[in-house]
Amino acid sequence: MFDEDKVKEVSKLAMIKLDNDDASYFSKEIIDFLKLVESTENIDLSKVEPLYHAPEASLILRKDSIDDDPKNDGINSAPDHNGKHFIVPKVIE
Amino acid sequence: MDIYKKSLTQLAALLNSKQISSKELTRYFLKRIAKYDSKLNSFISVDEDYANQQADNADKLISAGKNNFLTGIPIAHKDLFSTKDIFTTCGSKMLEKYLPPYDATVVKKLNDAGMISIGKTNMDEFAMGSSNESSYFGDVKNPWNLEKVPGGSSGGSASAVAARLSPVATGSDTGGSIRQPAAFCGLTGLKPTYGSVSRYGMIAYASSLDQGGPIGKSAEDCAVIFDEIKGFDKNDSTSNHQIDFKKTQLNLTKDDVNKITIGIPKEYFSQEMNEDISKIIFQAIEEFKNLGFNIKDITLPDHRYSIPAYYIIASAEASSNLSRYDGVKFGYRCQDPISLEDLYFRTRKEGFGTEVKKRIMIGTYALSSGYYDEYYMRALKIRRIIRDNFREAFKEVDFIFSPTSPTTAFNIGEKTSNALEMYLSDVYTTPVNLAGLPAISIPVGFNNQLPVGMQIIGDYFSESNILNIANYFQKETDWHNYIPEEFNHE
Amino acid sequence: MSDWESVIGLEIHVQLMTKSKIFSSSSTAYGAVPNEQASYIDLGMPGTLPVLNEEVIKKAIEFGLAINGQISKKSIFARKNYFYPDLPKNYQISQLDLPIVEGGYIKIQNDQNIAKRINILRAHLEEDAGKSIHSKKDNCTFIDLNRAGTPLLEVVSEPDLRSANEAVEYMKKIHEIATFLKISDGNMQEGSFRCDANVSVKKYNDKELGTRTELKNINSFKFVEKAINFEIQRQIDLIEDGGRVIQETRLYDENKNITKSMRSKEEANDYRYFPDPDLLPIEINEKFIKEIKDGMPMLPDEKRVSYQEDHALTNEQINILLNNSDLSQFVDEVIKKSKIEPKKLMNYFISSIYLKMNKENLLIQDMTITPEDFCKIINAVEDKKISKGNIKQIVDILLTTKGSTEKIIKKFAKAQDDDLENIDSLIDKVISDNPKQVDDYKKGKTKILGFFVGQVLKIAKDSDPGLIKEKIIKILNKV
């Protein structure tokens, strides 16, 4: 049963901060959405296998070799870094 | 010269015969953008210097006789295609100042083909939307009627091409985001078979559904772009390595046509359908019949379950794909985070818009312990059923026709407070994504002066055939040549 | 303690020894400058996608075959979703359903020295996370993503272990297999082989298992044993005092030799596993598995038996060889080519090449000495052309210069001959200088031989004592 408490729980898993207004707004929206899903409740899916990709294909593998032109400048996009490390507020362990 | 009316093939001829230079052509479109885009807001960023620089290079190649077919022709890219050192925002505050360090494969291929990247187009935030009203950079307007939406999520690309601000554009389609804006804007938009266009560099929304494709003035133009971007990419494990992607030949004959059977799903023309739209679609079908195609009734019995299944699967995948936006390595970061948790919570609260947050939460919920089977698993099973519907249908017919959307473009703001209604309008497009099939939307008429689009669905990897029959129709009809009044001059 | 039983299961993370990472072409080399081996894919930059390294699959299959496990014909990658700064995408690509290896077992010697089968539940592939460095001084955490994306094989045992000792035996066995087959370099200091232990206790009679705690990231055999022993006792004491064991994660403090509760970063997290839509299922056919099986060397256990039964090597000697398949390959070659008794041959090897390797941290592959070369040297020793002590010297020379082995041996042989001539006259001198001792010997005090040998060795220090003794006996018998 989806409700405001559930929204708060889910928002914690999703790491999105919610104000009280948000919680009630999203909970209403999501409850409405889940009504759509209810319309599928009557279908008998017991003998149906899930389909993850269509069209189905097989995985192609890559040879174990190192980039001869490695691009390691991604760190420059970071909001906080010192050129060597990414920096985040201290993790409390 | 009416350059803005010219097809890609015509522009290529002008450039090749040196009647116009790439510099002139590029400046021409940049001028149109500067003149008209304030009415539309179809572009998020335009870098004139960069465009002119590319045009210069193109002209050098053309003088030296080293040019390709598309060298020197401008193209607009939906702002979820990574463009190296050029802002790629996904229509979001989260990536407002993000500069990718690399080009998406689609972009690289078109750059290599010599095209001029003229700007990044507006879109629903992270491709989640059907009206381009959720962009951090503001709503996009429909050139046919500035109070109407252009469709979404590739609203900017559709609007720009419809107003002839760019000869062609790239878009992406997860649940209809190329086809529906193409339909709302009187354009031709192709969603290729899943796996035929590389997703590398295309910022992900729903990995098993996303596909990049062209939005253009005609099937012919779409074919040209599709030929450039299709093919296996070793950087994308989901791109197809078994199909031999041959060049598209638009060479359908009357004899061929007589052998082709088109299926009309009876469920699609039910009571819920808008009568006016229905009439226009039927007229188009009649036209196909007159051209010699065979028409047959088919059934797609479970199509109505596609919307909940689509939104569950897409939201689930998105909830995971968007976890990386956390203020640590790239993108937006909240001010003065006091702890790691604060960094995550506030960055994602402030960086994402409402629709994105909502879908992340739906997706998180659908995958969460205790709900996985009920929501996610069931959605995947429905996906198989819908795919099987099509499989059965394609045993009897070669193509399937449907309306692209149940309505024409609606008013800006009309559906923003009714998400469900917005979701339900994806009824014709989402089944195609779930099944991974290719489909095109072509303009087939007008209703209250707004374009109506019809969808042509084909079996896996039949883009060439789809483009052929769309092109055949467009050779005999005029709907795709209409241009919105306000933009129908230099 | 006597009516208590401990139940232990180990989860071992084995870092696979591939050149590049599991889903990107970044190098996996240890010790690089921070973030120098972190590509766009490793960082999870928008639009990047994983591409699977085929060597990772091969190594996983090799391991699966070595532990008698079932290789899954169809295997799937799944996303494990949680937020942490050393996890760039905030999900880890791992495996849940359909892991690459299911089932399996290895044999260890239990506490009563009887062979015991330890069952393995599964082995699955996953990508490693980066490293967080917490700085008190700067009040922040530094993140290095070099390690992010390194391929890991997580080996999960059934809770069949009954003591810390058995746990260590099991861990050593897995380590031996992984390193011998070159699946991993097994370097625990560098984090290539990490162990988590699940520990619980129960009374022997109880059918139900006790609540278990997880001991995390213990990186040496010694500490595994200590940590588990501490934890077993802690749990027993707790229960006997009327308390209850809480299911939690605990860290081992090696300085204080205690385990302490960790405020887990993954506190009761719902990982929301689902198949990764950026990857397709891996399909493995019989042919591929057979190819890999055919290319695999003999497994350590079989090799051990072979060394024991065919060559009568001692356990110590065997352990040295099983620790390094390149070494065993080298020695196998030498054994094949030489008529010398393998145990003796091995001793020659240990006191020369092996010693040098350890002293100077060299790999056998880097040493410019072939099994043929070594064979020639030790054969010359057996033929008494050169002495035992010469082996080390010749090896040193061969490693530093480009000389021909025969030539160098000849040189030493000549030197020995020269020495021998000198030795003969030296022996004569020693004998004539010590008539009293000669008398003692003649009277039957054979132990006085040692004195004569000693006197000769004082001057001819490098000579072969055995040879000298022989000569002295000969001469004394003539006198």
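Residues numbered from 1 in each chain as written. Chains lettered and ligands numbered in written order. Predicted model: local features only at pLDDT ≥ 70, side-chain atom pairs only at ≥ 80, totals over all residues.

### Remarks on the interface of chain B and chain C
At the junction of the two partners, chain B supplies 34 residues and chain C supplies 25 residues. Secondary-structure elements contributing two or more residues to the side of chain B that touches chain C are α10 (306–321), α11 (340–351) and α12 (354–367) of chain B. Here the side of chain B that touches chain C gets three residues from one element, more than from any other, and that element is α10 of chain B. Partitioned by chemical class, the residues of the side of chain B that touches chain C number 15 nonpolar, 12 polar and seven charged. (Contact = placed C-beta atoms within 7 Å. Helix = DSSP H or I, 4+ residues; strand = E, 2+ residues; numbered from the N terminus. Nonpolar A, V, L, I, M, F, W, Y, C, P; charged D, E, K, R; others polar.)

### Re the nonpolar core
Membership of the largest hydrophobic core comes to 268 residues, with the highest contact counts inside it found for Ile312 and Ile456 of chain B together with Ala60, Ala167, Ala197 and Ile228 of chain C. For this core, the domains that each give at least three residues are domain 1 (4–286) and domain 2 (297–403) of chain C. With residues up to four places along the chain from it excluded, the contact list for Ala197 of chain C reads Ile8, Leu10, Ala167, Leu215, Ile218, Val224, Ala227 and Ile228 of chain C. Of all hydrophobic cores here, the second largest spans nine residues; its members include Ile423, Val453, Ile468 and Ile472 of chain C. (Core = buried A, V, L, I, M, F, W, Y, C linked by C-beta atoms within 7 Å. Buried ≥ 20, exposed ≤ 12 C-beta atoms within 10 Å, placed from the backbone. Domains from an automatic or database assignment.)

### Description of the interface of chain A and chain B
The partner chain B presents 57 residues to the 43 residues of chain A that form the contact. Those elements that place two or more of their residues in the side of chain A that touches chain B are α1 (4–13), α2 (20–38) and β1 (86–89) of chain A. The element that contributes the greatest number of residues to the side of chain A that touches chain B is α2 of chain A, accounting for seven residues. Considering only residue class, the side of chain A that touches chain B consists of 29 nonpolar, six polar and eight charged.

### Here's the deal with unusual backbone geometry
A negative phi holds for most residues other than glycine; trans holds for most peptide bonds. In the segment running from Ala54 of chain A into Pro55 of chain A, the intervening peptide bond is cis, with an omega of -5°. Residue position: Pro55 of chain A is located in the loop between α2 and β1. Here the phi dihedral of Met15 of chain A falls at roughly 55°; this positive angle occurs in a residue that is not glycine. Note that Met15 of chain A resides in the loop between α1 and α2. Overall, Met15 of chain A belongs to the buried group, with 22 C-beta atoms counted inside 10 Å. Positive phi outside glycine occurs at Lys18 of chain B, with the angle close to 60°. Of note, Lys18 of chain B is situated in the loop between α1 (8–16) and α2 (22–40).

### Side note on the environment of Ile93 of chain C
All names here are of chain C. Looking at where Ile93 falls in the secondary structure, it is placed in strand β5 (residues 91–94). Owing to 20 C-beta atoms within 10 Å, Ile93 belongs among the buried residues under this scheme. Counting along the chain gives 181 residues from Ile93 to Phe274, while the straight-line C-alpha distance between them is 10.0 Å. If we ignore the near neighbours within four places in the chain, the residues touching Ile93 are Phe23, Pro50, Phe77, Arg79, Glu126, Glu127 and Asp276.

### Re the packing of helix α10 (residues 371–382) of chain C against helix α12 (residues 405–433) of chain C
All names here are of chain C. Contact geometry for α10 and α12: axes closest at 10 Å, N-to-C directions at 20°. The angle between α10 and α12 places the two elements in the roughly parallel class. Crossing hand, α10 versus α12: right-handed. Across from Asp373, Lys376, Ile377 and Ala380 in α10, the residues of α12 making contact are Thr405, Glu406, Ile409 and Ala413. (Axes fitted to C-alpha atoms, helices over the stretch in contact; angles between N-to-C directions. Parallel < 35°, antiparallel > 145°, perpendicular 65-115°, else oblique. Left-handed = near helix turned anticlockwise from the far one by under 90°.)

### Remarks on the confidence of the model for chain C
Interpretation of the predicted coordinates at a detailed level should be avoided for regions scoring low in pLDDT. Scored by pLDDT, chain C comes out at a mean of 91, with 98% of its residues at no less than 70. Scored as a complex, the prediction yields pTM 0.90 and ipTM 0.96. (pLDDT = per-residue confidence, 0-100.)

### Brief notes about the sheet that holds strand β16 (residues 274–275) of chain C
Residues and elements named next belong to chain C. Spatially, the three strands line up as an open sheet ordered β5-β4-β16, and their pairing is antiparallel. The sheet is open, and its two borders are formed by β5 and β16, each paired with just one other strand. Inspection of the sheet shows strand β4 (residues 78–81) paired to β16 by two bridges, in the antiparallel sense. Bridge pairing in β16 places Arg79 opposite Phe274. (Pairing = 2+ DSSP bridges.)

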